[in-house]
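Topology and contacts: notes
Next come the chains, spelled out residue by residue.
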Amino acid sequence: MCNLGKLCYIKGGTGFPEKYQGNDTGKYPFIKVSDMNLKENSRYIQAALNYIDEPVVKKLNAIVFPESSIVFAKVGAALLLNRRRMLKQKTIIDNNMMGLIPHSIDPLFLYYFMQTIDFGEFVQPGAVPSVNTSLISSLIPLKCSTKEQQKIATILETVDTAIEKTENLISKYEQIKQGMMQDLFTRGVDKNGKLRLTYQEAPELYKESELGMIPKGWKIVPLKDVSNVIDSLHITPKYEDSGYPMIRGTEINGGYLESEDLENAPKVSERVFKEFSAGHKPMKNEILMTRVGSYGVASFIKTDKPFCLGQNTVVIIPEYIDNFYLYIYLSTKTTKDQIE
C-alpha cells in the first residue's frame, strides 16, 4: 500500500483568460471540463475546442501535462460525475481541473484505479463541492508489480474497447432506425406490407396536409382527440428513504420504463403517493412525457408496479389509437419539431 502522492505528481490546471480562447489550431490543446463531453473524448482526450501556442503558454505560465496523464474535474457539480480521462498528447487543462502525472505506477492502471474512487465520499464541505491536492495525494491504491499492473490494465482496456465497439454499432443502428421511422411515418406501408412509393414516384397516392404530403386515407388530428393527457401536480414533495416510487422528469429518458427503474427512483410516503395519484395512477402501456427541462422525451410504461408522477411530467393515455404506435410517433423528429 502506498499513498498516491508518492506514485505520481498531482497538479491543478491553469487559468484560461477569454482573450486567448477560440483558436481551433495550435501546438497544445487547452481543455476545459466541458471538453470531456466531446464524443472523441469518452476515454482518452483526443480533441479540444481550444488550442494555444508556445508564446501563450509562457505568458500564462501554464503547466503542460504530458501524454498519459490522468485528468478530471476538481470543483463543482462536474466533480461528482466521477469522469476520468487519459491524455493522448501534451495538453494544458484549465483551473477547474486537476491532473495526475504518473512516475512510479503504470498510467493505465492508475486510470482504472481512479475510476474506483467516488469523489462524492471525499468532497470538502461547503456550497461548492471540491477536492484538493492533499486529499488526492492521500488516496491509497494497492501497488502490485509493474507487470501485474499492466496485465490488469490490459484486461480492463480490452473490455472497454469491446463496449466502445458495441456502442458504435448501437449508434449506427439508431441512425438506421431514425431513417426508417421517417419513411414509415411519412409514407406508411401498402396492402402488401411494403413501404409505399414516394410522392415523387407516385403522387396519386398522397394528399397535402399541414405536416406536408401524407398518404391518402391518413388524417391529421390533435393528440387530445386520440388520447387523454393528464398533467402532474406542480409541487415538489418530501422524499423518504422508503415508500412508493415517484417518477420525475429526470427518470424519463426515452425507451421503456420498467420495474428496475422504479427501484432507483425517489420514494414518497403513502400519503404523498395518494395525493399525487388522485387524478390518475399511471398504468402499463401508457406513455410518460417530460414537459420541463429536457422536455418532449417520451417513455413507454412496461411495468404493473404502482408509482406516481412527480412534477414536470404528463401521462398520456391512448384511447382511439394503438398505444405503442403513439409512443413511437411521439419519439419521431416530426413530433420533436412540433414541440420546439
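Coordinates for the structure precede this section.
Residues numbered from 1 in each chain as written. Predicted model: local features only at pLDDT ≥ 70, side-chain atom pairs only at ≥ 80, totals over all residues. Heavy atoms only, no water.

1. Notes on the overall build of the chain
- When you go through the chain residue by residue, the secondary structure sums to eight helices and 18 strands.
- At 26 Å, the chain has a C-alpha radius of gyration far larger than the 20 Å of a compact globule built from 340 residues.
- Principal-axis analysis of the C-alpha atoms gives the chain an extent of 70 × 60 × 45 Å.
- Looking at the chain as a whole, 39% of its 340 residues are labelled buried.
- In the chain, once contacts between residues fewer than 6 apart in sequence are set aside, the share between residues at least 24 apart is 70%.
- When the accessible area of the chain is evaluated, it comes to approximately 19500 Å², of which 52% is carbon and sulfur surface.
- Placing the 41 positive and 40 negative side-chain charges of the chain at their respective mean positions leaves the two points 4 Å apart. (Helix = DSSP H or I, 4+ residues; strand = E, 2+ residues; numbered from the N terminus. Rg over C-alpha atoms; globule rule 2.2 N^0.38 Å. Buried < 20%, exposed > 50% of the residue type's maximum accessible area, 1.4 Å probe, protein only. Contact = heavy atoms within 4.5 Å. Areas by Shrake-Rupley, 256 points an atom, 1.4 Å probe, with all protein chains shown as cover. Lys, Arg positive; Asp, Glu negative; His and termini not counted. Charge placed at Lys NZ, Arg CZ, Asp CG, Glu CD.)

2. Details of the sheet that holds strand S12 (residues 244-247)
- Pairing is mixed across the open sheet formed by three strands, whose spatial order is S14-S12-S17. Two strands in the sheet have a free side with no partner beyond their single neighbour: strand S14 (267-268) and strand S17 (308-309).
- With two bridges joining them, S12 and S14 adopt antiparallel strand pairing. By the bridge assignment for S14, Pro245 is matched with Lys267. (Pairing = 2+ DSSP bridges.)

3. Structural notes on the environment of Ser145
- With respect to the element layout, Ser145 can be found in the loop between helix H3 (133-137) and helix H4 (146-187).
- Given a relative accessible area of 42%, Ser145 falls into the partly exposed group.
- Sequence separation of Ser145 and Asn41 is 104 residues, and the distance between their C-alpha atoms is 29 Å.

4. Description of the pairing of strand S10 (residues 212-215)
- In the sheet, strand S9 (residues 206-209) pairs with S10 via four bridges, with the strands oriented antiparallel. Each bridged residue has a counterpart across the sheet, and for Ser209 the counterpart in S10 is Gly212.
- Hairpin connection of S9 to S10: two residues between the antiparallel strands.

5. Considerations on the sheet that holds strand S7 (residues 92-93)
- The strand order across the open sheet built from three strands is S4-S2-S7, with neighbouring strands paired in mixed fashion. Pairing within the sheet leaves two strands with one partner each, and these edge strands are strand S4 (51-52) and S7.
- Note: strand S2 (residues 28-31) against S4, two bridges, orientation antiparallel. Bridging from a neighbouring strand, Pro29 pairs with Tyr51 of S4.

6. Concerning the packing of helix H2 (residues 107-114) against H4
- Close contact between H2 and H4 brings their axes to 8 Å; oriented N to C, the two are set at 65°. For the crossing formed where H2 meets H4, the hand is left-handed. Taking contact as the criterion, the partners of Leu108, Phe109 and Tyr112 in H2 are, on H4, Gln149, Ile152, Ala153, Leu156, Glu157 and Asp160. (Axes fitted to C-alpha atoms, helices over the stretch in contact; angles between N-to-C directions. Left-handed = near helix turned anticlockwise from the far one by under 90°.)

7. Section: a nonpolar patch on the surface
- On the surface, Leu169, Tyr173, Ile176, Met180, Leu184, Val189 and Leu195 cluster together to form a nonpolar patch covering roughly 620 Å² of accessible area.
- Take Val189: its relative accessible area is 38%, and that puts it in the partly exposed class. (Patch = residues over 30% accessible without salt bridge, like charges linked within 9 Å, V, L, I, M, F, W, Y side chains within 5 Å. Salt bridge = Lys/Arg side-chain N within 4 Å of Asp/Glu carboxyl O.)

8. Focus: the layout of surface pockets
- Estimates place the volume of the largest pocket at around 790 Å³.
- Looking at the largest pocket, it is lined by 26 residues, and the ones nearest its centre are Leu211, Ile220, Val221, Tyr329 and Gln338.
- Taken together, the elements giving at least two residues each to the lining of the largest pocket come down to H4, S10, helix H7 (323-330) and helix H8 (333-339).
- When residues of the lining of the largest pocket are assigned to their parent elements, the largest contribution, six residues, is made by H8.
- Among the residues making up the lining of the largest pocket, the classes are represented as 16 nonpolar, six polar and four charged. (1 Å grid on protein atoms, 1.4 Å probe; cavity = no way out; pocket = protein on both sides within 12 Å on 5 of 7 lines; lining within 4 Å. Points joined across faces, edges and corners; volume = space filled by probe spheres on them. Nonpolar A, V, L, I, M, F, W, Y, C, P; charged D, E, K, R; others polar.)

9. What to know about the nonpolar core
- Leu4, Leu100, Leu110, Met114, Phe119 and Ile136 are the most contacted members of the largest nonpolar core, which has 27 residues in total.
- Those elements that place two or more of their residues in this core are strand S1 (8-12), strand S5 (70-73), strand S8 (97-102), H2 and H3.
- At seven residues, H2 tops the list of elements feeding residues into this core.
- Beyond its immediate stretch of four places on either side in the chain, Phe119 contacts Phe72, Ala73, Leu79, Asn82, Arg84, Met114, Val131 and Ile136. (Core = buried A, V, L, I, M, F, W, Y, C linked by side-chain atoms within 4.5 Å.)

Purely geometric numbers; function is a separate question.
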